[in-house]
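What follows is the residue order along each chain.
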Amino acid sequence: MKSSAILRTLLVTLALLAKTSTAMATITVTGLTNQSRYNDSVTFTIAAEAGFTTTANVDGTSVAIGSPVTISSVRYHELAVQKQPTAGGAVETALLKFIVRNSARITTEDGIPSFTPPPLVDDAPSALTAGTLTVVAPASFPAGLPIPVATYLRNSAGQPLWLNGNVQSANFPGQPLRLIRGWGSAFLPAATTVGTLHYDATLAGHTTDKSISIEANPTWTDKTGTIATQDWGSNARIHLSGVLTISPGSVLTIGAGTVVRLDAAAEIVANGAAINLNGTLTNPVIFLPSNASQPWGGIRLTSTSGSRLTATGTIFTGSGADPLWFNTHAGYGTHRREQACVLVDTAANASLTNCFITAHAGQAFNLKNGTLSLTDCLIQRVTTGGQMNDGNFTVLRCGLIEIPDSTTNFVDGDNDGFYLEPNAGTYNLTRLVVAQTKDDGLDSLAGNIIVRDCWLENTFHEGFSPAAAGHNSQNHNTVYFHCGQGLEQGFDACNTSADNCLAVGCMNGFRSGDNYGPPTFSTYTGLMTVTNSISIYNAFHDVWGYEWASWTYRTNRMSVTGNLFTEATPLHSGNAVWNPASDATRLTAFMPAGGGPVGIAITGTARQLPITEYPGQFDLRLSTFSANPVSATYQLIGKTDPAAATESVLATGTVSFSPGETLKRITLPITPSAAISFLQLSLTQPVNAEVTGTELSFYATPPSPADAIIIPKAASGWLYQALRAEPSGNWRGLPYPETNWNINKTAPIGFGVVGPTTAPITLGTTLTATEQGSSTNRTLAVYFRRHFNLTNAFEIKALTLKLMRDDGAVVYVNGQQVGRSNIDSGATTGGFIGYSTLAATAVDAADEITYYPVEVDPAIVSALQEGDNVIAVEVHQFNATSSDLSFDLELTASYHPPTDGVTGLGRTTAGRHYLYWLDPRWTLQTSDTLSNWQPLPNTPNPLPLTTDQSRKFYRWQR
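Residues numbered from 1 in each chain as written. Predicted model: local features only at pLDDT ≥ 70, side-chain atom pairs only at ≥ 80, totals over all residues. Heavy atoms only, no water.

Helix and strand content of the chain: 7 helices and 84 strands. For a compact globule of 958 residues, the expected C-alpha radius of gyration is about 30 Å, and the chain comes in at 31 Å, within 12% of that figure. Here the C-alpha coordinates of the chain stretch approximately 110 × 80 × 70 Å along the principal axes. Taken across its 958 residues, the chain has 53% of its residues classed as buried. Across the chain, the fraction of contacts at a sequence separation of at least 24, relative to all contacts at a separation of at least 6, is 65%. Only carbon and sulfur atoms are counted for the fraction: they give 52% of the accessible area of the chain, which is about 36800 Å². Positive and negative charge centroids in the chain, built from 53 and 71 side chains respectively, lie 1 Å apart. (Helix = DSSP H or I, 4+ residues; strand = E, 2+ residues; numbered from the N terminus. Rg over C-alpha atoms; globule rule 2.2 N^0.38 Å. Buried < 20%, exposed > 50% of the residue type's maximum accessible area, 1.4 Å probe, protein only. Contact = heavy atoms within 4.5 Å. Areas by Shrake-Rupley, 256 points an atom, 1.4 Å probe, with all protein chains shown as cover. Lys, Arg positive; Asp, Glu negative; His and termini not counted. Charge placed at Lys NZ, Arg CZ, Asp CG, Glu CD.)

Our focus in this paragraph is the sheet that holds strand β8 (residues 92-101). Reading across the sheet, the 5 strands line up as β2-β8-β7-β4-β5 and stay open at both edges, with mixed pairing between neighbours. The open sheet has two edge strands, β2 (36-39) and β5 (61-62), and neither has a second partner. Pairing of strand β4 (residues 52-58) with strand β7 (residues 75-85) involves 7 bridges; the strand directions are antiparallel. Bridging from a neighbouring strand, Ala56 pairs with Val81 of β7. (Pairing = 2+ DSSP bridges.)

Under the criterion given, the structure shown has 5 cavities of 30 Å³ or more. The wall of the largest cavity is formed by 13 residues, among which Pro119, Leu120, Val121, Glu457 and His482 lie closest to the centre. By residue class, the composition of the lining of the largest cavity is 6 nonpolar, 4 polar and 3 charged. Considered as a void within the structure, the second largest cavity measures approximately 50 Å³ in volume. If you list the elements that add at least two residues to the lining of the second largest cavity, you get β25 (299-301) and β27 (340-344). Split into classes, the residues belonging to the lining of the second largest cavity amount to 4 nonpolar, 2 polar and 2 charged. (1 Å grid on protein atoms, 1.4 Å probe; cavity = no way out; pocket = protein on both sides within 12 Å on 5 of 7 lines; lining within 4 Å. Points joined across faces, edges and corners; volume = space filled by probe spheres on them. Nonpolar A, V, L, I, M, F, W, Y, C, P; charged D, E, K, R; others polar.)

Another point: the environment of Gln363. When you line up the elements, Gln363 lands in strand β29 (residues 363-368). Along the chain, Gln363 and Ser319 lie 44 residues apart, while their C-alpha atoms are 8.5 Å from each other. With sequence-adjacent residues up to four places away left out, Gln363 is seen in contact with Phe326, Thr334, Arg336, Arg337, Glu338, Gln339, Ala340, Cys341, Thr383, Thr384, Gly386 and Gln387. For Gln363, the side chain forms a polar contact with the side chain of Thr334, separated by 3.3 Å. (Polar contact = N/O pair within 3.5 Å; in protein donor to acceptor, adjacent residues only side chain to side chain.)

The next point concerns the packing of aromatic side chains. Within the structure shown, the criterion is met by 38 aromatic pairs. Note on Trp455 and Phe625: the rings are 5.7 Å apart at their centroids and 20° apart in plane angle, and the pair reads as stacked. Residue Trp455 is found in strand β40 (residues 455-459), and its partner Phe625 is found in the loop between β58 (617-622) and β59 (630-639); the two are separated by 170 residues along the sequence. Classification of Phe625 as buried rests on a relative accessible area of 0%. For the ring pair Trp731 and Tyr783, a centre distance of 4.9 Å and an interplane angle of 80° mean the geometry is edge-to-face. On the criterion of sequence distance, the pair formed by Trp731 in the loop between β66 (718-721) and β67 (742-745) and Tyr783 in strand β72 (residues 781-790) is long-range, its members being 52 residues apart. The structure contains a cluster of three or more aromatic residues connected by ring pairs, namely Tyr76, Phe540, Trp544, Tyr546, Trp548, Trp551 and Tyr553. The ring of Tyr332 has Lys368 lying over it, and the distance from NZ or CZ to the ring centre is 4.9 Å. A cation sits over an aromatic face here: Arg732 above Tyr812, 5.2 Å from the ring centre. (Phe/Tyr/Trp six-rings, centres within 6.5 Å; stacked < 30°, edge-to-face > 60°. Lys NZ or Arg CZ within 6 Å of the ring centre and 35° of its normal.)

Moving on: the nonpolar core. What tends to happen in soluble globular proteins is that the nonpolar side chains get buried as a cluster. With 84 residues, the main nonpolar core has Phe287, Leu352 and Phe418 as its most contacted residues. Counting residues in each nonpolar core, the second largest holds 79 residues, with Leu188, Phe481, Ile600 and Val630 among its members. (Core = buried A, V, L, I, M, F, W, Y, C linked by side-chain atoms within 4.5 Å.)

Turning our attention to the pattern of salt bridges. Going through the model one piece at a time under the given rule, you end up with 22 salt bridges. With a closest N to O distance of 2.7 Å, Lys83 and Glu49 form a salt bridge. You can see Lys83 sitting in strand β7 and its partner Glu49 sitting in the loop between β3 (42-46) and β4, a full 34 residues away along the chain. Here Glu49 falls in the partly exposed class, since its relative accessible area comes to 30%. Arg154 is the salt-bridge partner of Asp376, the closest N and O atoms lying 2.8 Å from each other. Pair noted here: Asp376 is in the loop between β30 (371-375) and β31 (378-380) and Arg154 is in strand β11 (residues 147-154), with a separation of 222 residues, a long-range link. (Salt bridge = Lys/Arg side-chain N within 4 Å of Asp/Glu carboxyl O.)

Below, the discussion takes up the confidence of the model for the chain. Taken as a whole, the chain shows an average pLDDT of 90; of its residues, 92% reach a score of 70 or greater. A low-confidence stretch, residues 1-25 stays under pLDDT 50, and its non-local contacts, those more than four residues away or across chains, total 3 contacts. (pLDDT = per-residue confidence, 0-100.)

What follows is about the sheet that holds strand β84 (residues 953-957). Overall, antiparallel pairing links the 3 strands, which are arranged β82-β81-β84 in an open sheet. Only two strands of the sheet have a single neighbouring strand rather than two, namely β82 (934-935) and β84. Pairing geometry for strand β81 (residues 923-927) and β82, over 2 bridges, is antiparallel. Across the sheet, Gln925 pairs through a bridge with Pro935, a residue of β82.

Here it is as C-alpha cells:
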C-alpha cells in the first residue's frame, strides 16, 4: 500500500475512534465504573453539562446531578442516566451496574444484602402437646462424667414434628434443652453421689420422666492395641487410652447400656472388620471423652474389604481431636479440616439408626466412595455434618442443627449441614430438617441429589446450593425458611429443579446464578426449573437470575412457570401473584403441625434492659408461616410519674399477619426521661396463634460508666515471637514463662509497606530480616502477647475488640479463643490451628490498615480476672512469598451500671405485683423463714408475685 493510502486509512480510523469516544463520554460519571464491586459504600458524581438536561436514578430512585451521591445499601444496584439537549434532540442513556458489598463478608454475598438468621420463636403449646416427646438418656451412668441426653418430637403417625420449644426440668433447672424443629440435646451435670436421678423433661405441660442410676466406682476395662473378635457385652464400662484397631475379618460387638470412655485422641479403626453397636432408645450405647475439654479422635472404617459399622441407639459425643486431620491424611475430599467422628472409606459401609451425634470438636462424618445410611438420627453442634464424596448416601427422618452453634456471628468457613459430591449414583435426602448453619444447609458440587419433604431453615447462606458441571438436583415438597437464599443454582452446567416447594422469609427465594464470578468461575450453562412452587415475603427477591460472569440476568437458563410470587415477575411469565385469600390453603401442607395455631413473640432484643437502651422499634415474629390470618394486641405500659402507684398505658394496637407473613415491625417512640422508671411491652389476645415469648421490660438505672480503652491502638508493652514455629507451652494463656520473647514493643508491628503505597502507615516495631524470612520463604506466623491489669473485672459488661491484621489472625483472652479473622474457622472446641496454617485470602492495601471488629463472647468477659490478664494473637501469612505483615489491635471495655437502683418492686395496671432486677450477674434467692435461702435459677425477670401464696422472702446475691 502506498504511503498516501495508508495515511487516508489512518485518518478515517482515527475519526471513527474519536466519534465513538465522544458518544461514550458524553455522559460522564466519576467515582463509579460499570460492573464493579465496592466495599460498604461508593460515592460518585454525575457530571452536569450546560445545554443539557440530565436525570438519573439508582434502582428507580432519583439521584442528584453534579453533586456527590453515596450509595451504602449492600446489594446489586443499577445506575440509569438519561441526557438530552435542552433544545431538544436525541436522548443519550447509560446504564452502570455495580455491587455494594459488606466488607466483613466480601464475595460470599456479592449482589445480595447481608443476611443474619432471625431468632427462633417457640411454637404454640397446643401444637407441641399434640406430639410425643422421646427422651434418650443412659439407664445407668458413672458418677463424675457429664450425662448426655437427647430428645426428639414425633406426631401421631410417627413422623418428625418440626416444632420449636424449650424442654424444662424441675430437677435440673440449670440445664434447659432447646428443641429446634423437633430435635435437641444437652448435658446434665456430672453426678457426685450414688442414687437415682430423675430427668423430668417437661414440654408444654407434658412430662417424660427418665430415671438414671448413678454408679459410684464402676470397674473400667482398658482396651487398646489390635484386637480380634470381641463382645464387650451390655452395660459394660470400657476405657480406651489410645488407638484400638480391629483386625480384618473380626467383629466387635457392644451391647446396650455400655459406656465407652475415650482419652484424648483415642481412635477406633475397623480395618476390614465389623463394629456392631446394639444400643436402644431406653438404654443407649454411649461414646464420650474422658475429659470434656480433650476430644477423642473418631471411628475410622478403612478401605479394606469388610469394614462396617452398624449402630442403633447410640450417643456419640466429644470426638474430633485433630483439627487438621485432613491436612495430614491425603486422598480425602473435604472443605473442612477437622477429624470426623465417623469416616467411611472406599467400599466401607456405615448404617446408623436412632443415633445422636452431638457436641463434637470436629465433623460428624466423611464419606469416600463407601456407603452411609442415616435413619432417625440427630447431628448437632459439629463443625459440619460432613462431606460425602461419591458412593451411596441416604438420609431419612434426621435432624441436623446448630452447625457449629446457634450464635449469630458470621463465619465464612464452610460450616455446612452436609457437603455433597456424588460423582456417580444418587444421594437421597428425605424428611431431613437442617436448621441454624453458619454457611449452607446443603452444599454440593457434583452428581445427582434428590431432596424430598425436607425443611431447611436459618442458614446464613443458601438452604441448598448445588453447582458445578454434571450436577442434577431435584427438590420436591421442601421448605426454605429464613435462609440467605432458599435454593440457588450455581456455576457451570448445573441443572436444578424445584417442584411444589416453598420459600418464605429468605433474602432470595429461588436464584439462578451465584456470588462467584471471574476469575474464580465464569461458566453458567445449566438450567434452573421451578414449577408449582410458592416463593413469598422474601426480603430481596422471590426469584432472581443475576450472575457475575456476564452481569446478566439469565432468563435463558431459567424455566420458571406455574408458581406463586409476592409480586408480578415481568421477566418470568406464566406465574401468578400470591393472593392470601384464595391461595392460603396451599400452605397447610407445608406447616409442621398442619393448620393449627402458631407461636408469636417479640424478638430481637433482650427481655430486660435499661430504659436508655429502649429501641423504639420491635420485631414481632411467628414461629412459622400460617395458612390462617394471625393477629395479636400489643400494649406498652409505663410508669411516667415516680409517685404513681401503677403504670399507665402508653400505646396499644393490633398487629396482623396475612397468611404466609412471619414478620411485622412496630414503632413505638418513647423519649426516655428521668420521670420514666419502668416500661413493659407485651402481647395479648392472639388469634390463630399463642404468645410464646415473654414481655419486654425496661428499667430506670443509674448511667453506666463511660467506656474505657484497655489497650489502645499503637500501644507499647507488646511481646512477640517470630521463630518460624509455634511457641512452646500454653503461650495463649496465664501463667506462662515469656522467655525467648521480644518484650515491650510498640504496635503496629510487622514489616514491609503496610497500607497504600501512596500513604503507608508507620510501624512502631519492624521485624528483623531474620524474623521476616527471605522473600521466597517468609515466616508463616508471628505470635503476640500483651498483659492488661484490671481492678474492676466484675464490673465489665462487654469487650469491644478491633483488629488490624495482614493477612489472617486468631485472638485469645486468657487462653480462650475469642475469634478468627480471615483464617479457617477450625475446630470449635479444643482445637487450634498450627504454625503452617495459611490465611484464607491475601489482604489488599486498604484492608491491611483496617481495624476489623471481632466479637467477644460474654463467657470470656465473665472469665476476666482481677489483676493480670493477657491477650494473645497469632498472625498468619497467606503464602510464603508475602511482601508484608502487620498487626495491631484496640480493646475497649464497657461497664455494668452501678448496682444501686437496679432492683425493685412494681405493680402493673392490672394490679399484678412483680420483682425486677437488671444486673444479669445477680441470682434471686427465696426463703420462707429468712434462713435456708434457696437459689432460683432461670427465674423470669420480672418475676410475677401472686397474692394467694404463702409468705415468701426474696434477696439477690452475686
